[in-house]
Amino acid sequence: MTIAQLFDGANLFVLPFWALMIVLPNWNITKRVMTSYLPFVALALLYLYFIFGTLNTETAQALSNPKLADIARFFSDERAAATGWAHFLVMDLFVGRWIYWEGQRTNVWTAHSLVLCLFAGPVGLLSHIVTVLLAQKVSSVIATPASPVAKVTVNTTSDVEQ
């Protein structure tokens with residue numbers, strides 16, 4: 001397989017996991033699938049394949065003491081770009097899985113954060129953190145009892161009746 005085919009395959013490989021978490025989060029099959037580490041193993045192996053084909057003395061030296069120009073030069077190579085993309089795929093999916101399980105555990109809505117994580121990983125993580133904070137704020141306001149109302153006692157007996 002070519003690098004382009006592996007790249008395309010990796011992009012397609014992650015989509016069912018994202019779709020399950022976003023569209024069918026409470027489905028038992030989704031929960032079973034998302035307990036597995038196999039997707040991460042597969043993506044990590046792809047990453048290793050890409051990185052070992054990319055590393056040489058020059059690139060290892062550039063990455064060991066990274067400068068922006070060196071990183072830009074490194075990622076100008078197709079195989080290096082595929083390596084970086086595989087890194088994004090595995091890490092974004094891992095963070096997405098964490099968001100998914102946190103939503104399941106806390107009953108906090110996660111679909112919006114998962115969509116953002118799919119397209120821009122750190123933005124999805126930030127969205128989930130903000131959502132959790134807002135949910136905690138709302139639930140604490142709801143759980144706080146209303147301020148006590150002064151208890152008014154009405155005397156129903158009058159002096160005349162006594």
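This text gives an overview of the structure that appears in the document. For clarity, every value in this text was computed on a predicted model and none was experimentally measured.

## Focus: the overall build of the protein chain
Helices and strands together make up the secondary structure of the protein chain, namely eight helices and zero strands. From first element to last, N terminus to C terminus, the protein chain shows the α and β order α-α-α-α-α-α-α-α. Residues counted as buried form 29% of the 162 residues belonging to the protein chain. When contacts within the protein chain are restricted to residue pairs at least 6 apart in sequence, those whose partners lie at least 24 apart make up 66%.

## Some points on the pattern of salt bridges
Between side chains of opposite charge, a pair can form as their charged atoms come close. Evaluation of the coordinates by the stated rule reveals two salt bridges. The partner of arginine 73 in a salt bridge is aspartate 70, with the nearest N and O atoms 2.4 Å apart. Note that arginine 73 and aspartate 70 are positioned in helix α5 (residues 68-75) at a spacing of three residues, about one turn of the helix. Close ionic contact of arginine 105 with glutamate 102 constitutes a salt bridge, the shortest N to O distance being 2.7 Å. Here arginine 105 and its partner glutamate 102 are both found in helix α6 (residues 78-106), three residues apart, which amounts to about one turn of the helix. For arginine 105, a relative accessible area of 59% gives the class exposed. Take glutamate 102: its relative accessible area is 19%, and that puts it in the buried class.

## Comments concerning a nonpolar patch on the surface
Residues Tyr37, Leu38, Val41, Leu45, Leu48, Phe52, Leu55 and Phe94 make up a contiguous nonpolar surface patch of about 840 Å² in total accessible area. Per-element accounting of the nonpolar patch gives the leading share, five residues, to helix α3 (residues 38-54).

## Some details on helix α1 (residues 3-23)
Between its first and last C-alpha, α1 extends 31 Å over 21 residues, near the 30 Å set by a 1.5 Å rise per residue. Taken residue by residue, α1 has Ile3, Leu6, Ala10, Val14, Phe17, Trp18, Leu20 and Met21 as its buried positions. The elements touched by buried residues of α1 are α2 (28-34), α3, α6 and α7 (111-119).

## Here's the deal with the packing of α1 against α7
At a minimum axis distance of 9 Å, the contact between α1 and α7 shows a crossing angle of 160°. Relative to α7, the element α1 is oriented roughly antiparallel. The handedness of the crossing between α1 and α7 comes out as left-handed. Residues Trp18, Met21 and Ile22 of α1 pack against Ala111, Leu114, Val115, Cys117 and Leu118 of α7. Grouping the amino acids of the contact of α1 with α7 by side-chain chemistry returns eight nonpolar, no polar and no charged.

Rules of the game
Residues numbered from 1 in each chain as written. Predicted model: local features only at pLDDT ≥ 70, side-chain atom pairs only at ≥ 80, totals over all residues. Heavy atoms only, no water. Helix = DSSP H or I, 4+ residues; strand = E, 2+ residues; numbered from the N terminus. Buried < 20%, exposed > 50% of the residue type's maximum accessible area, 1.4 Å probe, protein only. Contact = heavy atoms within 4.5 Å. Salt bridge = Lys/Arg side-chain N within 4 Å of Asp/Glu carboxyl O. Patch = residues over 30% accessible without salt bridge, like charges linked within 9 Å, V, L, I, M, F, W, Y side chains within 5 Å. Areas by Shrake-Rupley, 256 points an atom, 1.4 Å probe, with all protein chains shown as cover. Expected span 1.5 Å × (residues − 1). Axes fitted to C-alpha atoms, helices over the stretch in contact; angles between N-to-C directions. Parallel < 35°, antiparallel > 145°, perpendicular 65-115°, else oblique. Left-handed = near helix turned anticlockwise from the far one by under 90°. Nonpolar A, V, L, I, M, F, W, Y, C, P; charged D, E, K, R; others polar.

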